[in-house]
Amino acid sequence: MDLFSAIDTEPVRKHMEELATELDRLNHEYYMNDRSLVSDEEFDRMMRELQDLERQYPELASPLSPTKRVGGEVNKSFRQVAHRLPMLSLGNTYSIEEIEEFEARTRKLLDGEQFTYTCELKYDGVAIGLTYRHGLLVQAVTRGNGSVGDDITTNAKTIPTIPLRLHGDFPDDFEARGEVVYPFDAFEAMNRQREADGYEPFANPRNAASGSLKLQDSAECAKRKLMFCMYFMMAPDGVELKPTHFGRLEWARQMGFKVQPYIKECKDIDEIKAFIDYWDQARWELPYGIDGIVIKVNQTALWDKLGLTAKSPRWAIAYKFKAERVSTPLESISYQVGRTGVITPVANLSPVWLGGTTVRRATLVNADFIAKMGICKGDNLLIEKGGEIIPKVVGVDMEKRVEGAMPIQYITRCPECGTELVRIEGEAGHYCPNSDGCHPQIIGRLEHFVSRKAMAIDTLGPERLELLYGAGLVRNVADIYDLRREQLIGLGADAAASIQDKGADNMLAAIEASKQVPFERVVYALGIRYVGEVGAKKLARYFKNIDALMNAPEEELAQVEDVGEVTAHAISEWFAKAEHRTVVERLRSAGLQMEATVHQGDDKLAGLTIVVSGVFDRFSRDEIKADIEKHGGKVSGSISGKTNYLLAGDKMGPEKLKKAEKLGVKIISEEDYLKMVE
Ligand code: IVH
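Below is a summary of the structure that appears in this document.

Definitions and cut-offs
Residues numbered from 1 in each chain as written. Predicted model: local features only at pLDDT ≥ 70, side-chain atom pairs only at ≥ 80, totals over all residues. Heavy atoms only, no water. Helix = DSSP H or I, 4+ residues; strand = E, 2+ residues; numbered from the N terminus. Buried < 20%, exposed > 50% of the residue type's maximum accessible area, 1.4 Å probe, protein only. Contact = heavy atoms within 4.5 Å. Lys, Arg positive; Asp, Glu negative; His and termini not counted. Charge placed at Lys NZ, Arg CZ, Asp CG, Glu CD. Core = buried A, V, L, I, M, F, W, Y, C linked by side-chain atoms within 4.5 Å. Salt bridge = Lys/Arg side-chain N within 4 Å of Asp/Glu carboxyl O. Arc of directions from axis to C-beta. Polar contact = N/O pair within 3.5 Å; in protein donor to acceptor, adjacent residues only side chain to side chain. Patch = residues over 30% accessible without salt bridge, like charges linked within 9 Å, V, L, I, M, F, W, Y side chains within 5 Å. Areas by Shrake-Rupley, 256 points an atom, 1.4 Å probe, with all protein chains shown as cover. Pairing = 2+ DSSP bridges. Axes fitted to C-alpha atoms, helices over the stretch in contact; angles between N-to-C directions. Near = heavy atom within 4 Å. Nonpolar A, V, L, I, M, F, W, Y, C, P; charged D, E, K, R; others polar. Phe/Tyr/Trp six-rings, centres within 6.5 Å; stacked < 30°, edge-to-face > 60°. Lys NZ or Arg CZ within 6 Å of the ring centre and 35° of its normal. Parallel < 35°, antiparallel > 145°, perpendicular 65-115°, else oblique. Left-handed = near helix turned anticlockwise from the far one by under 90°.

### What about the overall build of the chain?
Consideration 1: Of regular secondary structure, the chain possesses 24 helices and 22 strands.
Consideration 2: For the chain, the spread of C-alpha atoms along the three principal axes comes to 80 × 80 × 60 Å.
Consideration 3: The burial tally for the chain puts 46% of its 678 residues in the buried class.
Consideration 4: Sequence separation of 24 or more characterises 67% of the internal contacts of the chain that already satisfy a separation of 6 or more.
Consideration 5: Each charge class in the chain can be summarised by its mean position, and for the 87 positive and 105 negative side chains these summaries are 2 Å apart.

### Notes on the nonpolar core
Consideration 1: Formed by 54 residues in total, the largest nonpolar core has its most connected members in Phe-449, Ile-480, Leu-539, Phe-575 and Leu-587.
Consideration 2: Elements that contribute at least two residues to this core include exactly helix 12 (439-450), helix 13 (462-470), helix 15 (501-513), helix 16 (519-525), helix 17 (533-543), helix 18 (546-550), helix 20 (565-576) and helix 21 (578-590).
Consideration 3: When neighbours within four sequence positions are excluded, Leu-539 is seen to be in contact with Val-523, Val-531, Lys-544, Leu-549, Leu-557, Val-560, Val-563 and Ile-571.
Consideration 4: Listed in part, the 40 residues of the second largest apolar core include Ile-159, Ala-176, Leu-213 and Leu-241.

### So, the pattern of salt bridges
Consideration 1: Here the structure, examined in full by the defined rule, presents 44 salt bridges.
Consideration 2: For Arg-413, the salt bridge goes to Glu-420, with nearest N and O atoms at 3.5 Å.
Consideration 3: For Arg-413, a relative accessible area of 45% puts it in the partly exposed group.
Consideration 4: Take Glu-420: its relative accessible area is 48%, and that puts it in the partly exposed class.
Consideration 5: Glu-585 serves as the salt-bridge partner of Arg-588, at 3.0 Å between the closest nitrogen and oxygen. Of this pair, Arg-588 and Glu-585 both sit in helix 21, 3 residues apart, which is roughly one turn of that helix.

### Digging into helix 17
Side chains that are three or four residues apart share a direction in an α-helix, a result of its 3.6 residues per turn.
Consideration 1: Taken as a whole, helix 17 has its buried residues at Gly-535, Ala-536, Leu-539, Ala-540 and Phe-543. End-on, the buried residues of helix 17 take up no more than an arc of 130°, which puts them together on one face.
Consideration 2: In this fold, the buried residues of helix 17 make contact with helix 16, helix 18, helix 19 (554-559) and helix 20.
Consideration 3: Within two residues after helix 17, Lys-544 carries a phi angle of roughly 70°, on the positive side.

### Regarding the side chain of Thr-93
Consideration 1: Locating Thr-93 in the fold gives a position in strand 2 (residues 92-93).
Consideration 2: For Thr-93, a relative accessible area of 5% gives the class buried.
Consideration 3: Within polar-contact distance, the side chain of Thr-93 engages the backbone nitrogen of Ser-95 at 2.9 Å.
Consideration 4: Not counting chain neighbours up to four residues away, the residues in contact with Thr-93 comprise Glu-98, Ile-99, Ile-317, Ala-318, Tyr-319 and Lys-320.

### Some remarks on a negative patch on the surface
Consideration 1: On the surface, a cluster of negative charge is made up of Asp-617, Asp-650, Glu-671 and Asp-672.
Consideration 2: For Asp-672, the location among the structural elements is in helix 24 (residues 670-677).

### Here's the deal with the sheet that holds strand 19 (residues 609-613)
Consideration 1: Across the sheet, 4 strands lie side by side as 20-19-21-22; this open sheet has parallel pairing. Where the open sheet ends on each side, the last strands, each with one partner, are strand 20 (634-636) and strand 22 (666-668). Looking at each pair of strands side by side, their axes are set apart by 35° on average, direction ignored.
Consideration 2: Two strands pair when backbone bridges link them, and strand 19 and strand 21 (residues 645-648) are joined in this way by 4 bridges, in the parallel orientation. In the sheet register, Val-612 faces strand 21, and the bridge partner there is Leu-647.

### Re the site of the ligand
Consideration 1: Lining the immediate environment of the ligand, one finds 13 residues, of which Leu-90, Glu-120, Leu-121, Glu-179 and Tyr-231 sit closest.
Consideration 2: Taking 520 Å² as the accessible area of the ligand by itself, protein coverage stands at 90%.
Consideration 3: If you list the elements that add at least two residues to the shell around the ligand, you get strand 3 (117-123) and strand 10 (290-297).
Consideration 4: Tallied by class, residues from the shell around the ligand come to 8 nonpolar, 1 polar and 4 charged.

### Some points on the packing of aromatic side chains
Between two aromatic rings, the relevant description is the distance of the centres plus the angle of the planes.
Consideration 1: Tallying each qualifying case throughout the model produces 19 aromatic pairs.
Consideration 2: Relative to Tyr-117, the ring of Phe-102 has its centre 6.4 Å away and its plane inclined at 55°; by these criteria the two rings are tilted. Of the two residues, Phe-102 sits in helix 3 (residues 96-109) while Tyr-117 sits in strand 3, which places them 15 residues apart along the sequence. As far as the burial class goes, Phe-102 and Tyr-117 line up, both buried.
Consideration 3: Taken together, a centroid distance of 5.1 Å and an interplanar angle of 85° make the contact between Trp-574 and Phe-575 edge-to-face.
Consideration 4: Here Phe-575 falls in the buried class, since its relative accessible area comes to 2%.
Consideration 5: Members of the aromatic cluster, joined through ring pairs, are Tyr-262, Phe-275, Tyr-278 and Trp-279.
Consideration 6: Stacked on the ring of Phe-78, the Lys or Arg Lys-214 has its end atom at 5.9 Å from the ring centre.
Consideration 7: The aromatic ring of Trp-251 is capped on one face by Lys-242, whose charged end is 4.4 Å from the ring centroid.

### Let's talk about helix 6 (residues 205-213)
Consideration 1: Those residues of helix 6 lying buried are Pro-205, Ala-208, Ala-209, Ser-212 and Leu-213. For helix 6, the angular spread of the buried residues around the axis is 130°, confining them to a single face.
Consideration 2: Elements that come into contact with the buried residues of helix 6 comprise strand 4 (126-133), helix 4 (153-156), strand 7 (173-181), helix 5 (184-196) and helix 7 (218-223).

### Regarding the environment of Pro-518
Consideration 1: On the secondary structure map, Pro-518 appears in the loop between helix 15 and helix 16.
Consideration 2: Given a relative accessible area of 36%, Pro-518 falls into the partly exposed group.

### Looking at unusual backbone geometry
Consideration 1: Phi at Lys-225 is positive, roughly 60°, even though this residue is not glycine.
Consideration 2: Checked against the element boundaries, Lys-225 lands in the loop between helix 7 and strand 8 (227-234).
Consideration 3: With a phi angle near 70°, Asp-562 is a residue other than glycine that sits in the positive phi range.
Consideration 4: Of note, Asp-562 is situated in the loop between helix 19 and helix 20.

### What to know about the packing of helix 12 against helix 13
Consideration 1: One way to put it is that helix 12 packs onto helix 13 with a least axis distance of 10 Å and a crossing angle of 125°. Judged on the interaxial angle alone, helix 13 and helix 12 are oblique. The interaxial crossing formed by helix 12 with helix 13 has right-handed handedness. Only Pro-462, Leu-465, Glu-466 and Tyr-469 of helix 13 make contact with helix 12, whose side of the interface consists of His-439, Ile-442, Ile-443, Leu-446, Glu-447 and Val-450.
Consideration 2: Among the residues forming the contact of helix 12 with helix 13, the class breakdown is 7 nonpolar, 1 polar and 2 charged.

Quick look at the structure:
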């Protein structure tokens, strides 16, 4: 840099700093104090001005500039980093008696000491740790397994309630821990948008928060309107903090963190219980989800005295609220027809707010379920969600049952094609037997056939399949391989959306490529009832080719590992149908893989069960698993007494290691493994 430009940039640098300071202050007032000091336009104008200057003078841009809040940097991968101080979890309970026991035990252990408790909200989100040095945010890491987490600093900077620079007086080096939560209104709005854009909505605010922190594009994360609530401060040895947890959080608030205003110092069990009772009700008025109350010993000097159990401190405990239950009117029942013809009744409910989402539908499983619950027309149903994703019908709200209510009459005909339903003996579900004439079954089978784990023809989405079906080009899966280019071009509702040259070529190329999909996936793709991915693999290995499988007697099918009698029966019924055999023959002539690729004959790992953990140099995880199987070994997901080896890569989970050591399972490296199979 020459002398002139050095002189020139100084006023620019100063102006940029002023803009940054002002934007930080406005952000803080807006998000922490609910105060809007300037109009949105003015705020945006200043932000744009700073962004422009940063583009012009990149050497003057600060990594903690408020422009980072808008995002824009792309996360290639999230680096794994070890926590300086482990991120512990808390012992938790649903029972007030156990809270009483915790209090009594703590008092006893702290015999004669003067102390108090803090009670605070237990946020239902994602735990992260923020490292600050000299008042500047240097790193944000997810909890991960407690020892190692993902570096999500870039995305964390987009969260307005995470201070990038601290105010006033602060420790030189410390970590602020807290929870990233997704406020309900922002969550609902985002999910509605997702649905409108054709994406699967997130199941709940916690999952959505977690997914958002792992977004590749930080500008996307900025749009998510996440919130960080700080609940814990810790520092390496030698750094002085305040003597109480309460005092530390007060202090953190002054530094610029969002700390819950509801934290309360309690002196005895009665005050603790009153706090719990209050929030058990009041939690529904909060703008974000909480799933319990955390009780901590307030005087931090006593923490060492109380110590830790295996994975959680003895000076704190979490009380978890019971599963939330609501009652809501049953408006109607829809009957869905699956690809195998199974009918699933679904309750259409009057929309009701439950555990962070609006519930509109819940499965009624099958006719037996409806009968067992005694559901009548016009009933109100009790819906529960136990911190989990899927709402469940747990009963009828009998207090609201009207006199003379009539039991639900289950349908007798298929809602799609009108065919009389059948019920197989010993099974609870009803089926539509019209497999070749019932629209959702036909489309469902096609969708299954092309799906990722089956033939993986990803250019054939549901809309395309409908189009091909509607045009009479594809009635069953074998027709896919007869498609010709000239039939495809111009197909579609209107000219703009119709299939053009390139679309047709891509489609045909994907169809052609699917002919290389291995036999086991072809077996899965056929869509035989009860034959899942694993079952298909076992069948393919056992029978080795389609002819052996097709002609196997039911008793032999049932001998295959993971294939029970019911599945064996379904398989032999499926192949007994002439039209299915025709489809198989057409697929064979089209060139699909109808034989298992014989593995290299050696059984070097026969009889050995191996658990794989971590990442490897020469193989991806799936490759190494396939390699073990190729050599006749068995891969298992968890370590037990039956495990022979733990094949350990880099960044292996510490739990697995501990367990292997405890059970005396031999731990081998990738090198060791290669020697074994060479
Ligand atoms: S304190 C050593 N306080 O609950 C104590 N945790 O198992 C560290 N959580 O994963 C935790 N709200 O993410 C604490 N007010 C709160 C909390 C809280 C939510 C989460 C935390 C942790 C889990 C406890």
